[in-house]
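Listed below, chain by chain, are the residues.
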Amino acid sequence: MASAKVQPSAPFQSRELNGEVLLEELAELRAAQLAPKHLADLVVSLRSVQGAHVAEAQAHLKALATGRFSGQPALSSLLVRWAQKLKTEMDVPLLASHFERLALTSVLLMAVRRGVERLPKGGRG
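Remember, it's a predicted structure, so these values are computed and weren't measured experimentally.

Things to note about the environment of L61
- One can find L61 in helix α4 (residues 54-66).
- Here L61 falls in the buried class, since its relative accessible area comes to 1%.
- Sequence spacing of L61 and P36 is 25 residues, and the spatial spacing of their C-alpha atoms is 18 Å.
- Beyond its immediate chain neighbours, meaning those up to four positions away, L61 contacts L46, L79, W82, A83, L86 and L95.

So this is what it looks like as structure tokens:
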């Protein structure tokens, strides 16, 4: 039987982690007018915790929330919430992957919005 340390905890087993949860987080960050650059910076910062133990990853997330990203309250709050959800070693890379998807989706949506803004109004060119 597999050890509990090998299995991801409930929030990371959710089928909606990179579905509905991701979309809700994107909406929250967009409402706060968070620039996609901050998410990209976060992804780079999280690469150093990929193989870290839970306590190390939690401390790193909280340090990012209160330090580097303290000027972005929505992102800071998201980091603290996710730090509290880390329970197993397997959660750490899953969280890093979730934030990568969040950053990529944010950039793609921004590009689509910009493209839509350039389309002629009313279908006339």
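Now that the structure has been shown, the text picks up again.
Concerning the nonpolar core
- Counting 31 residues, the largest nonpolar core has L79 and F99 as its most contacted members.
- Looking at this core, the elements that each hand over two or more residues are α2 (20-31), α3 (36-46), α4, α5 (73-85) and α6 (91-118).
- When sequence neighbours within four positions are dropped, the list of residues in contact with F99 reads L42, V43, L46, L78, L79 and W82.

Some details on the packing of aromatic side chains
- For the structure on display, the rule yields one aromatic pair.
- Between F12 and W82, the ring centres sit 5.2 Å apart and the planes meet at 45°, which makes this aromatic pair tilted. Here F12 is found in helix α1 (residues 10-13), whereas its partner W82 is found in helix α5, with 70 residues between them in sequence.

Some thoughts on a nonpolar patch on the surface
- A grouping of V112, V116 and L119 is seen on the molecular surface, where their side chains present a nonpolar patch of about 270 Å² in accessible area.
- Examined against the element boundaries, L119 turns out to sit in the segment after α6.

Quick word on the layout of surface pockets
- The computed volume of the largest pocket comes to approximately 270 Å³.
- Lining the largest pocket are 15 residues, with R30, L34, P36, S106 and R113 sitting closest to its centre.
- Of all the secondary-structure elements, those providing two or more residues to the lining of the largest pocket are α2, α3 and α6.
- In terms of residue count, the dominant contributor to the lining of the largest pocket is α6 (six residues).

A closer look at empty space enclosed by the protein
- Overall, the coordinates contain one cavity of 30 Å³ or more when judged by the stated rule.
- Of the voids in this model, the largest cavity is the one considered here, and its volume is about 50 Å³.
- L46, V49, A57, L61, L86, V92, L95 and A96 together form the lining of the largest cavity.
- Elements with a contribution of two residues or more to the lining of the largest cavity: α4 and α6.
- It is α6 that contributes the most residues to the lining of the largest cavity, three residues altogether.
- Split by residue class, the lining of the largest cavity holds eight nonpolar, no polar and no charged.

Rules behind the numbers
Residues numbered from 1 in each chain as written. Predicted model: local features only at pLDDT ≥ 70, side-chain atom pairs only at ≥ 80, totals over all residues. Heavy atoms only, no water. Helix = DSSP H or I, 4+ residues; strand = E, 2+ residues; numbered from the N terminus. Buried < 20%, exposed > 50% of the residue type's maximum accessible area, 1.4 Å probe, protein only. Contact = heavy atoms within 4.5 Å. Core = buried A, V, L, I, M, F, W, Y, C linked by side-chain atoms within 4.5 Å. Phe/Tyr/Trp six-rings, centres within 6.5 Å; stacked < 30°, edge-to-face > 60°. Patch = residues over 30% accessible without salt bridge, like charges linked within 9 Å, V, L, I, M, F, W, Y side chains within 5 Å. Areas by Shrake-Rupley, 256 points an atom, 1.4 Å probe, with all protein chains shown as cover. Salt bridge = Lys/Arg side-chain N within 4 Å of Asp/Glu carboxyl O. 1 Å grid on protein atoms, 1.4 Å probe; cavity = no way out; pocket = protein on both sides within 12 Å on 5 of 7 lines; lining within 4 Å. Points joined across faces, edges and corners; volume = space filled by probe spheres on them. Nonpolar A, V, L, I, M, F, W, Y, C, P; charged D, E, K, R; others polar.

Fair warning: the whole summary comes from geometry, so function is off the table for now.
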